[in-house]
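For reference, the chains in residue letters:
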Amino acid sequence: KQEVTQIPAALSVPEGENLVLNCSFTDSAIYNLQWFRQDPGKGLTSLLLIQSSQREQTSGRLNASLDKSSGRSTLYIAASQPGDSATYLCAVRLGSNYQLIWGAGTKLIIKP
Amino acid sequence: DVKVTQSSRYLVKRTGEKVFLECVQDMDHENMFWYRQDPGLGLRLIYFSYDVKMKEKGDIPEGYSVSREKKERFSLILESASTNQTSMYLCASSSLGVGDYEQYFGPGTRLTVT
């Protein structure tokens, strides 16, 4: 059974630092992996989606990598800002079915 | 701009009441989903639908039912609300055709059952 883990559960860093959020999954047979952002009390916003055939995706200050063989994805945030404070979730999609398997998220706090 | 809307942001109901949560998407997506989100547990899939009048159980369907009479609307029904159904409920939609199957989310409904 596929399991998705995000460690740490919470992270606090000073503004301006580069940081990495981690996502690991137990079964490498994934269709794609998606990173989301969730602000307190709100829905989810998709940040990046990486297909199983891709190694990374970039959007602005965000870069997501995927290493299927090791069952890992990382979300790199460059030059962090207080506005980046949110919970970041990763989810993997298995094959052709419609379900996403979710991690519990990492709560990120950027201190001014 | 894609849009998924949910009927209420906050809802307070009493134990035993019948509760309707509505979700509407304007992207002509075939797939729609209902999740609940609880601290430390992440998102858990309750039900999903891949077409009008079609539905599939997710991981935690007990105590819930759904209705999809029109392509753009997916309703979650709590037949008799209980306190353990207090949670954040999130609706999402995605396309069915070849592609990323990226899911788009609504803002969520925080339901409290007293």
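These numbers were taken from a predicted model, which means no experiment stands behind them.

1. Here's the deal with the overall build of chain A
Helix and strand counts for chain A stand at 0 helices and 11 strands. Ordered by position in the sequence, the α and β elements of chain A form the string β-β-β-β-β-β-β-β-β-β-β. Computed over C-alpha atoms, the radius of gyration of chain A comes to 13 Å, within 12% of the 13 Å expected from 2.2 N^0.38 for 112 residues, which places it in the range of a compact globule. Referenced to the eigenvectors of the C-alpha coordinate spread, the extents of chain A come out at roughly 40 × 25 × 20 Å. Buried positions account for 44% of the 112 residues belonging to chain A.

2. What about the side chain of T109 of chain B?
Examined against the element boundaries, T109 of chain B turns out to sit in strand β11 (residues 109-113). Among the residues examined, T109 of chain B registers a relative accessible area of 1% and is labelled buried.

3. Observations concerning the interface of chain B and chain A
Taken together, the contact between chain B and chain A spans 23 residues of the former and 20 residues of the latter. Between chain B and chain A, a total of about 1,700 Å² is buried, with carbon and sulfur atoms accounting for 56% of that surface. Summed over the shared surface of chain B and chain A, the number is 0 salt bridges. Across the contact surface, chain B and chain A share 2 residue pairs in polar contact (both at pLDDT 80 or more). Of all the elements in the fold, those that place two or more residues in the side of chain B that touches chain A are β4 (31-38), β5 (42-49) and β9 (87-94) of chain B.

4. Brief notes about the layout of surface pockets
In this structure, the largest pocket encloses a volume near 500 Å³. Along the wall of the largest pocket there are 25 residues; nearest its centre are Q38, T87 and A104 of chain A together with Q37 and P39 of chain B. When contributions to the lining of the largest pocket are tallied by element, the ones reaching two or more residues are β9 (86-93) and β11 (106-111) of chain A together with β4 and β9 of chain B. The element that contributes the greatest number of residues to the lining of the largest pocket is β11 of chain A, accounting for 4 residues. Here the residues of the lining of the largest pocket sort into 9 nonpolar, 11 polar and 5 charged. Together, 13 residues line the second largest pocket, and K1, I101 and W102 of chain A together with L43 and D59 of chain B are the ones closest to its centre. Every element with two or more residues in the lining of the second largest pocket is listed here: β10 (100-102) of chain A together with β5 of chain B. Residues that form the lining of the second largest pocket fall into these classes: 8 nonpolar, 1 polar and 4 charged.

What counts as what
Position numbers for residues start from 1 in each chain and track the written sequence from start to end. Key to labels: chains lettered from A, ligands numbered from 1, both in the order written. Restriction of local features to residues with pLDDT of at least 70 applies here, the model being predicted, together with a cutoff of 80 or more for giving and counting side-chain atom pairs; totals for whole chains, interfaces and linings are based on all residues. To get the side-chain values, take all heavy atoms of the structure and skip hydrogens and water. Numbering goes from the N terminus for both helices and strands, where a helix is a DSSP run of H or I of at least four residues and a strand is a run of E of at least two. The globule rule used here is 2.2 Å times the number of residues to the 0.38 power, and the radius of gyration it is set against is calculated over C-alpha atoms. Exposure categories follow from relative accessible area, calculated using a 1.4 Å probe and restricted to protein chains: below 20% of the type maximum is buried, above 50% is exposed, and the middle band is partly exposed. Contacts are residue-level and defined by heavy atoms, with any inter-residue pair within 4.5 Å sufficient. By definition, the buried area sums, over both parts, the 1.4 Å-probe accessible area that each loses when the two are put together. Criterion for a salt bridge: a side-chain nitrogen of Lys or Arg within 4 Å of a carboxyl oxygen of Asp or Glu. Throughout this description, a polar contact denotes any pair of N or O atoms lying within 3.5 Å of each other; where both atoms belong to protein, one of them has to be capable of donating a hydrogen while the other can accept it, and for residues adjacent in sequence the pair is counted only when both atoms sit in side chains. Cavities and pockets were defined on a 1 Å grid built over protein atoms only: a cavity is a set of grid points that admits a 1.4 Å probe from which the probe cannot escape, a pocket is an open set flanked by protein on both sides within 12 Å along at least five of seven lines, and lining residues are those with an atom within 4 Å of any such point. Grid points are joined across faces, edges and corners, and a volume is the space filled by probe spheres set on the points. Three classes are used, and their members are as follows: Ala, Val, Leu, Ile, Met, Phe, Trp, Tyr, Cys and Pro are nonpolar, Asp, Glu, Lys and Arg are charged, and the others, Gly among them, are polar.

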